[in-house]
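Descriptive structure summary
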2 protein chains.
Amino acid sequence: MAKNDCRTKLMEIGTRLFAERGLHGVSIRELSQEAGASISMISYYFGGKEGLYSAVLQEQFACFDQIEEIRKQGAEPLDVIEGYIRWTLQRHRNNPYLLRFYTSELTNPTLWFHTIVQPAIEKIIRILIDVLDDGIRRQQFRKELHTGNAALALAGMANYFFLSTLATENLVSHSAENDEELIRQYAAIFTQGILASPP
Amino acid sequence: MAKNDCRTKLMEIGTRLFAERGLHGVSIRELSQEAGASISMISYYFGGKEGLYSAVLQEQFACFDQIEEIRKQGAEPLDVIEGYIRWTLQRHRNNPYLLRFYTSELTNPTLWFHTIVQPAIEKIIRILIDVLDDGIRRQQFRKELHTGNAALALAGMANYFFLSTLATENLVSHSAENDEELIRQYAAIFTQGILASPP
DNA sequence: GTCTATATTGCGATAGAC
DNA sequence: GTCTATCGCAATATAGAC
């Protein structure tokens, strides 16, 4: 196998298997076999199974570095909210494994939760809170809004749609075709609510 | 140890350990030791580690049987929505382990996902969809609302608040003291949105 | 850089005593 | 109903050949 092709292949298979069954659910035997490499390559490149896991985790959460893009200069709060929903959907579409690591680390944190996962999530929630505060300052949003809780509500809507897929695919379509429609709907629910007329 | 005290203790410790580290992250050696019982008791009572896990899972999701209570006879859709949020919050407060099994099974389903977890989640989402359809029929909710997506949005808000705790406790208080306030806020966001004035 | 072979530890399950 | 002792296997890690 060509140089570093082995490393790449181990990362690729490791991502899939760790996502599907978690750190403890995968053996390096099976992993290396699926990658078509020898078992010792995992120690050679990553210093062991946990090293490979942390490398995979780092790669998975690297996409959070680009989150600032949803807050382009002078963007309206409403645009940023829609941008966040779109960004979240695309993130999960592009990488169906991310949510597995995301929720697995939130509920069963490993050693790397505090260095990799928590900062990424905090960063994005902080941005949402800032945007909501900004909208209140501009008198666009209700001034009694608790922006922390509201930010979590928005993140929850966007992420749970994917999280629940396996249990709700009989009830609700999760096809990517409807994503733009979904973005509109979720932006509308979050900003205008579901009521037909103002209370 | 008194009869069936052993069984109960194994369930109790199993619940905690499986929640914290997943099915594969726990050994029956450690589990039985923490329960103060012999390792062979797990086979005796549950037929093995997986049997214990499925028993724990069944117990955890039993609370979903009572969900119909949020839809008492003749309740207004708005009341049911608030009732759902309150019921979800209390469910997680009463049992901090439930969400671990819930998300772990959604992202890394075991053999018992389809018999225990999926029916429970489907049932609750179906009720929410029914309630939203009812609200549209009564002309309380916007008639163009996609009730499936909206139901997932509501469930997402309520569940993600807890799911994100570990990553967002520096930004947002997750104390149970604020639960009634949170219920009001989430009901308000879902029904009225965050805008200061109608668009 | 990649392999095979092996050392060592820990796993789940159960037989058999009490 | 509960225990101890043990079986057979799979786990991770690594030494050493190429």
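Quick notes on the rules
- Residues numbered from 1 in each chain as written.
- Chains lettered and ligands numbered in written order.
- Predicted model: local features only at pLDDT ≥ 70, side-chain atom pairs only at ≥ 80, totals over all residues.
- Heavy atoms only, no water.
- Near = heavy atom within 4 Å.
- Polar contact = N/O pair within 3.5 Å; in protein donor to acceptor, adjacent residues only side chain to side chain.
- Helix = DSSP H or I, 4+ residues; strand = E, 2+ residues; numbered from the N terminus.
- Contact = heavy atoms within 4.5 Å.
- Buried area = accessible area lost by both parts, 1.4 Å probe.
- Salt bridge = Lys/Arg side-chain N within 4 Å of Asp/Glu carboxyl O.
- Nonpolar A, V, L, I, M, F, W, Y, C, P; charged D, E, K, R; others polar.

The next point concerns the protein's contact with DNA strand C. For DNA strand C, the set of nearby residues contains 19 residues, the closest of which are Ser38, Ser40 and Tyr45 of chain A together with Ile28 and Lys49 of chain B. Between Ser38 of chain A and DNA strand C, the recorded distance is 2.7 Å, taken from a backbone N or O atom to a phosphate oxygen. Contacts to DNA strand C include Ser40 of chain A, whose side-chain N or O atom sits 3.1 Å from a base nitrogen. Elements with a contribution of two residues or more to the surface near DNA strand C: helix H3 (40–46) of chain A together with helix H2 (28–34) and helix H3 (40–46) of chain B.

This next bit is on the interface of chain A and chain B. When the parts come together, some accessible area is lost, and that loss is often what is quoted as the size of the interface. Counting residues at the interface gives 63 residues for chain A, matched by 63 residues for chain B. Summing the contributions of chain A and of chain B, the shared interface buries around 5600 Å²; its carbon and sulfur component is 66%. Of all residues in chain A, Arg142, Tyr160 and Ile194 of chain A bury the most surface against chain B, accounting for 14% of the area lost on that side. For the pair chain A and chain B, the interface holds zero salt bridges. Inspection of the region where chain A meets chain B yields 30 residue pairs in polar contact (both at pLDDT 80 or more). Counting residues per element, the ones that place at least two in the side of chain A that touches chain B are helix H1 (5–21), helix H5 (77–94), helix H6 (98–107), helix H7 (113–137), helix H8 (147–163), helix H9 (165–168) and helix H10 (179–192) of chain A. Per-element accounting of the side of chain A that touches chain B gives the leading share, twelve residues, to H8 of chain A. Among the residues forming the side of chain A that touches chain B, the class breakdown is 36 nonpolar, 21 polar and six charged.

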